[in-house]
Amino acid sequence: MKITVLGCYAPYAPKDGACNGYLLQSDRINLMLDCGHGSFSQLQKYIDFRQLHSLIITHFHPDHYGDIHAIRHAFAGAIRDGSRKDPLVVYIPKVPQNIYEEINSWEEAFVVIPIEDALGSINPLGDLKLEFFPVKHPLTNYGVKINYNNKIFTYTSDTMWDHDLISSCWQSDLLLTEASLRGDVDDALTRKGHMTAKQAGMLGRDALVKRLVITHFWPEFNLYQLQREAEVGFEGPVEFAEMGKVFQI
Ligand SMILES: [Zn+2]
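Keep in mind that what you see is a predicted model, and the values were worked out from it rather than measured. (Residues numbered from 1 in each chain as written. Predicted model: local features only at pLDDT ≥ 70, side-chain atom pairs only at ≥ 80, totals over all residues. Heavy atoms only, no water.)

1. A short note on the coordination of the zinc ion
Consideration 1: Within the protein, the zinc ion binds to His-59 (NE2), His-61 (ND1), His-137 (NE2) and Asp-158 (OD); these donor distances fall in the range 2.2 to 2.3 Å.
Consideration 2: Classification of the site at the zinc ion rests on its 4 donor atoms, whose angles at the metal span 88 to 168°, yielding the label irregular.
Consideration 3: All donor residues of the zinc ion come from one chain, and their arrangement in sequence is H-x1-H-x75-H-x20-D. Of the two residues, His-137 is situated in the loop between β8 (128–135) and β9 (141–148) and Asp-158 in the loop between β10 (151–155) and α6 (164–168); the sequence distance between them amounts to 21 residues.
Consideration 4: The exposure class of His-137 is buried, given its relative accessible area of 13%.
Consideration 5: Given the relative accessible area of 1%, Asp-158 is considered buried. (Donors = N, O, S within 2.8 Å, 3.2 Å for Na, K, Ca; no water. Tetrahedral: all angles 85-135°; square planar, octahedral: opposite > 155°, others 65-115°. Helix = DSSP H or I, 4+ residues; strand = E, 2+ residues; numbered from the N terminus. Buried < 20%, exposed > 50% of the residue type's maximum accessible area, 1.4 Å probe, protein only.)

Structure follows, in structure tokens:
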């Protein structure tokens, strides 16, 4: 499985950057994970968007789904002009209901599957197996575990520290986790809904993950500082997401 970073910033992107978006590619499937501002443009550096099989939106914060309008128009246009046959399969939360219903009504572009309907089971997508799990965030949000050839990739999306994360991320070959807060200026207790880089590292350590990649960065933050803090928690080397970076498992 190849994972390409389309965007790693939050809550806004710096020049030439994009908010959260990741392209996962197996032998048979191209899957987009979140579509924050600018990520759909980045996707088109790597594949023709018509080759995309599915999109997962973990939650409806704009830095994770802001490009949905662009994606809607791209697919509706491609279906209209015959360059794409089928609507895009889109996994989204049912909450907030008004956003869910709006996206669900765009039948000219999408087939919508509520993540809530997929919870608690293994969902095949070509040669991938998807398992969703709830995470703790001010808005309903889901992480996802993706199994490909018995290699496990897990993405936490946005979450505060929660003991249940350990079992959700257990023994991942690669864990992509948010690390939004710096230890010296932020306090996860006062800004609920996110983890410090150190907590992200401790999650990786306690879940016995093989490789830890941190993401979801304020553009102002020094990534090497976040990396160091995460490495203290992980007790080992930690990588960080960057625009266009590719991870292979
Ligand atoms: Zn969020």
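We are not done yet, so read on.
2. Quick look at the sheet that holds β8
Consideration 1: Strand order in the open sheet made by the 7 strands is β7-β8-β9-β10-β11-β12-β13, with mixed pairing throughout. Looking at the sheet topology across the chains shown, the edges are occupied by β7 (123–125) and β13 (239–240).
Consideration 2: In the sheet, β7 pairs with β8 via 3 bridges, with the strands oriented antiparallel. Paired with Asn-123 across the two strands is Leu-130, which belongs to β8.
Consideration 3: The strands touched by helix α7 (residues 197–206) are β11 (174–178) and β12 (212–215); relative to β11, the strand with the most contacts, the crossing angle is about 155°. (Pairing = 2+ DSSP bridges. Contact = heavy atoms within 4.5 Å. Axes fitted to C-alpha atoms, helices over the stretch in contact; angles between N-to-C directions.)

3. A short note on the side chain of Ser-180
Consideration 1: Counting through the fold element by element, Ser-180 comes out in the loop between β11 and α7.
Consideration 2: Given a relative accessible area of 3%, Ser-180 falls into the buried group.
Consideration 3: A distance of 2.5 Å separates the side chain of Ser-180 from the side chain of Glu-178, its partner in a polar contact.
Consideration 4: Ignoring sequence-local partners within four residues, the contact set of Ser-180 consists of His-194, Met-195, His-216, Trp-218 and Phe-221. (Polar contact = N/O pair within 3.5 Å; in protein donor to acceptor, adjacent residues only side chain to side chain.)

4. Observations concerning helix α3 (residues 68–80)
Consideration 1: An ideal rise of 1.5 Å per residue puts 18 Å on 13 residues; α3 measures up with 18 Å between its terminal C-alpha atoms.
Consideration 2: Listed as buried for α3 are Ile-68, Ile-71, Ala-74, Phe-75, Ala-76, Gly-77 and Ala-78.
Consideration 3: Among the residues trailing α3, Gly-82 stands out with phi positive, at a value near 85°. (Expected span 1.5 Å × (residues − 1).)

Just geometry here; none of it tells us what the structure is for.
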